[in-house]
Amino acid sequence: MGRIHSIQSLGTVDGPGVRCVVFCQGCPLRCGYCHNPDTWDPAAGREVTAEEVFRQAARFRPYFGTEGGITLSGGEPLLQPAFVRELFSRCKEAGIHTALDTSGALWNEEVEAVLAVTDLVLLDLKMTNDADYRQHIGCSLEKPLFFLEKLREKGIPCWIRQVIVPGVNDTEENVEALNRLIAGHPQVKRVQLLPFKKICKTKYDQMGIPFPFDRYSHCPPERAKELEKAVRLPSV
Ligand code: SF4
C-alpha cells in the first residue's frame, strides 16, 4: 500500500518521452519554493495498492513510445520505499521504463532496494552550498551528495535538476559550483535548470500558510536557459 496525492496521466517534463507521473504523498523537507505543499503531510492523500497504480499506468503504455514510462514524484517517493519498489518491479517486468524524482535526502537499505529497479533518477540538487541547503531546503548538502555518490557506484543514469531563484542562485558562480559538484560523476547525463515560478502561491494561501519564497521574484525562463549553457556535463 502507498499514499499518493495524484496521478498525471501524460506528462512531458519529468523524464524522457511521454510519461505517467505519480505524485506520492509525504515529504520530510520544506523547500522555500516548493510547488506542492499539499503533498507534505504523509497522512493525507489517497491510499492505493502498487497493483492498482501499475494497472492505471500500464493503460497509457501506447503513448510511452520508445523513451517514455512511469515517473514517481511528490512529495518524496522514497518515504514509501516498499510501495515504490513493488510498483517499479511490476513496471520493469512489463518493460516499462522507471524514473524516480527525488531530493536524495533519504538513504537506507529499502531505498537501496528501490534503486535496483530504477532506470533513471531525477535528482534535485537544489542548492550548491550547505548554508543555503540548511536555510532554504531543510537538510544538509551532504545528503544529496551522498545519494549522488551512490548513483555513481551503482552506475544508475541520473539527471540533475535545480530551480533557479533570482537573488539566491541565479549566477554564473552558482553554475560553476554545480559543475564542481557533478565533476567525476559520469552517470550524470543531463542538467536541467528550471526557472522559479510563483504560481503555487495560491496553494499556500488556500492552506493558510506563508509562501516562504514570496519575497523573491520569478525567474525569466531565458535566464535559466542562458545559465544552463554554462553547465559542463562530466565526461565518461
Ligand atoms: S523536496 Fe519537493 S516536495 Fe519536498 S518540500 Fe522540496 S520541493 Fe516540496
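Residues numbered from 1 in each chain as written. Predicted model: local features only at pLDDT ≥ 70, side-chain atom pairs only at ≥ 80, totals over all residues.

## A short note on the site of the ligand
Here is step 1 of the chain: Around the ligand, the neighbouring residues are Cys27, Leu29, Arg30, Cys31, Cys34, Asn36, Thr39, Gly74, Gly75, Glu76 and Ser103.
Here is step 2 of the chain: For the shell around the ligand, the residue count by class is four nonpolar, five polar and two charged. (Near = placed C-beta within 6 Å. Nonpolar A, V, L, I, M, F, W, Y, C, P; charged D, E, K, R; others polar.)

## A short note on the sheet that holds strand S7 (residues 158-164)
Here is step 1 of the chain: Across the sheet, eight strands lie side by side as S3-S1-S2-S4-S5-S6-S7-S8; this open sheet has mixed pairing. Either end of the sheet is taken by a strand with one partner, and the two such strands are strand S3 (46-48) and strand S8 (188-195). When strand polarity is set aside, the average angle formed by the axes of neighbouring strands in this sheet is 30°. (Pairing = 2+ DSSP bridges. Helix = DSSP H or I, 4+ residues; strand = E, 2+ residues; numbered from the N terminus. Axes fitted to C-alpha atoms, helices over the stretch in contact; angles between N-to-C directions.)

## A few points about the pairing of strand S5 (residues 97-102)
Here is step 1 of the chain: Most of S5 is tucked away: six of the six residues are buried.
Here is step 2 of the chain: Taking every second residue as pointing to the same face, both faces of S5 are buried, with His97, Ala99 and Asp101 on one and Thr98, Leu100 and Thr102 on the other.
Here is step 3 of the chain: Direction of pairing for strand S4 (residues 69-73) relative to S5: parallel, over a ladder of four bridges. Across the sheet, the residue bridging to Ile70 is Thr98, located in S5.
Here is step 4 of the chain: For the crossover from S4 across helix H3 (residues 81-93) to S5, the handedness is right-handed.
Here is step 5 of the chain: Two elements, S5 and strand S6 (residues 120-124), share four bridges in a ladder whose sense is parallel. Pairing of Asp101 across the sheet is with Leu122, part of S6.
Here is step 6 of the chain: As for the winding sense of the linkage, the β-α-β connection from S5 through helix H4 (residues 109-115) to S6 is right-handed. (Buried ≥ 20, exposed ≤ 12 C-beta atoms within 10 Å, placed from the backbone. Right-handed = clockwise from strand over helix to strand, strands pointing away.)

## Re unusual backbone geometry
Here is step 1 of the chain: Residues Gly74 and Gly75 are joined by a peptide bond in cis, for which omega reads 10°.
Here is step 2 of the chain: With respect to the helices and strands, Gly75 occurs in the loop between S4 and H3.

## Brief notes about the nonpolar core
Here is step 1 of the chain: With 55 residues, the main nonpolar core has Val22, Leu87 and Leu123 as its most contacted residues.
Here is step 2 of the chain: Ignoring sequence-local partners within four residues, the contact set of Val22 consists of Ile4, Ile7, Val53, Ile70 and Leu72. (Core = buried A, V, L, I, M, F, W, Y, C linked by C-beta atoms within 7 Å. Contact = placed C-beta atoms within 7 Å.)

## Focus on H3
Here is step 1 of the chain: A rise of 1.5 Å per residue sets the reference length of H3, with its 13 residues, at 18 Å; its end C-alpha atoms lie 18 Å apart and thus fit the reference within 8%.
Here is step 2 of the chain: Listed as buried for H3 are Phe83, Val84, Glu86, Leu87, Phe88, Arg90 and Cys91.
Here is step 3 of the chain: Each element contacted by the buried residues of H3 is listed here: strand S1 (2-11), helix H1 (50-58), S4, S5 and H4. (Expected span 1.5 Å × (residues − 1).)

## Here's the deal with the environment of Ala113
Here is step 1 of the chain: Relative to the helices and strands, Ala113 is located in helix H4.
Here is step 2 of the chain: Distance in space between the C-alpha atoms of Ala113 and Ala183 is 26 Å, their sequence separation being 70 residues.
Here is step 3 of the chain: Each residue touching Ala113, except ones within four places of it in the same chain, is listed here: Pro81 and Arg85.

## Thoughts on the environment of Ala116
Here is step 1 of the chain: Relative to the helices and strands, Ala116 resides in the loop between H4 and S6.
Here is step 2 of the chain: You can call Ala116 exposed: it has 12 C-beta atoms within 10 Å.

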